[in-house]
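For reference, the chains in residue letters:
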Amino acid sequence: MRKTNKVLTLILTMVMILTITYQPIDASAASAKPIVKASQTVISKGTTTKVKVTYNKKNVTSKAKFKTSNKSVATVSKKGVVTGKKAGTAYITATYKGKTSKKVKITVAQVSLNKKNVKLSVGKTATLAAKYNKKTVKATFKSSNPAVASVNKAGVVTAKKAGTATITAVYKKTKATCKVTVTKPENGCASGHAYDDGVVTKEPTCTETGVKTYTCKKCGHKNTEIMKALGHAWDDGVVTKATCTEDGTKTYTCETCGETKSETIKATGHVWDDGVTTQATCTEDGAKTYTCEKCGETKSETIKATGHTWDDGVITKEPTDTEHGVKTYTCTKCGETKDENGHYEKQEVAGWDEEKLVDVNICNTCKMEFSTADYGSIEAAVEALMMHQMENWESDCEGYHTETRTIIIHHDPTYEDVWVADK
């Protein structure tokens, strides 16, 4: 029994250890390799480019180890800086977490010329062409001895006098040279050619240069001179006027070659008048129409229909016990009518108190009062007072005075017939 317990305890312990130490491995992460990219893959001697290393989309450049396949062509630093050493090709790789990236090709290019040595006699020319990374490029040319051999921007070398000169081409900090040897002409013009006044062998145009050719009177040697392009001679131009909505143009024609060029004249835009109004009615929209004073085009703004304004209505058919009545409303603006079916309903009108100013005639003797509120009018009240004094002349009732008082008149609730529209 004890032996069995020991075996079970040992098995459980091993399971716990395996459970704790085991961690699942991401298959894609395990198979991933670092990726190397260079900011430039073509550089020159003495220049640099930077390579970046990513692993599972994270930048690990600072933690990777770099290697170059050819240190004599390009070196790579611990930080991934590649430096060109000489023309050629090198491959850069990066290692991270024991995994090596694919190769990145770095080309260290060097400018080259189509000729390394040129022999010319005085007055002759030769053209040098520069290439960089197998592509023709525009290099900068310079002669070590322009008095012997000059060179222009296009690489055309012209022999001036006997001697030697070196033509240097520079492109992206790289150089290439060509040795030029100039010999005396074999025709006896060692002291120099005697050129004539020259003949225009290619007329210059407005946009292209011409050529003037000079011939040595002694040996027949020819020399050429570039003639500047004439440039266009534009006339005063013809105008196609702009309209309110479309651009116009001013077209110039070269009086020499007939070529044309145009300038845009911006559309002027409309100039609207104050507009003419068509009034809106109760049921139909109106409009305000504007007309362009230049081209006659129009535009309109809508004026919304006003809608009817109905009066209080008139009963045009009294309701009966068996038939509804009709109340006719009339629009106070356009005269249109509409009928409403309805009937009367008794509705209570609440009682109310009214404040009113009244004149009270008072007998000076007996102080009896005769109010307009009691008799209906001032005349009736005075007449009653006079009758009183005549009837009581023995009591010496005579004379009166008038006072104005505020009285409260109470109106009792009433019931009125009120028109109610049928539902």
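Quick note: structure is the one above.
Residues numbered from 1 in each chain as written. Predicted model: local features only at pLDDT ≥ 70, side-chain atom pairs only at ≥ 80, totals over all residues. Heavy atoms only, no water.

A. Focus on unusual backbone geometry. Phi at Lys97 takes a positive value of approximately 55 degrees, unusual for a residue other than glycine. Mapped onto the elements of the fold, Lys97 is located in the loop between strand S8 (88-96) and strand S9 (99-100). With relative accessibility at 61%, the residue Lys97 sits in the exposed group. Positioned with a positive phi, Lys173 is a non-glycine residue whose angle comes to about 65 degrees. The residue Lys173 is located in the loop between strand S19 (163-171) and strand S20 (174-183) in this model. Taking the relative accessible area as the measure of exposure, Lys173 reaches 69% and is therefore exposed. (Helix = DSSP H or I, 4+ residues; strand = E, 2+ residues; numbered from the N terminus. Buried < 20%, exposed > 50% of the residue type's maximum accessible area, 1.4 Å probe, protein only.)

B. Here's a closer look at the sheet that holds strand S35 (residues 400-411). Across the sheet, which stays open at both edges, the three strands sit in the order S34-S33-S35 with antiparallel pairing between neighbours. Two strands lie at the open edges of the sheet, namely strand S34 (369-371) and S35, each paired on one side alone. Going from strand to strand, the sheet's axes swing by 35 degrees on average, the running direction of each strand aside. Of the pairings in the sheet, the one linking strand S33 (residues 352-363) to S34 comprises three bridges and is antiparallel in character. (Pairing = 2+ DSSP bridges. Axes fitted to C-alpha atoms, helices over the stretch in contact; angles between N-to-C directions.)

C. How the structure looks around the nonpolar core. Leu113, Leu128, Phe141, Val157 and Val180 are the most contacted members of the largest nonpolar core, which totals 25 residues. Of all the secondary structure elements, the ones that give two or more residues to this core are strand S12 (117-121), strand S14 (130-132), strand S17 (149-151), strand S18 (156-159), S19 and S20. Take this core: its biggest share by element is four residues, from S20. Not counting chain neighbours up to four residues away, the residues in contact with Leu113 comprise Leu128, Ala129, Ala130, Phe141, Ile167, Ala169, Ala176, Thr177 and Cys178. Of all hydrophobic cores here, the second largest spans 20 residues; its members include Ala74, Val76, Tyr96 and Val104. (Core = buried A, V, L, I, M, F, W, Y, C linked by side-chain atoms within 4.5 Å. Contact = heavy atoms within 4.5 Å.)

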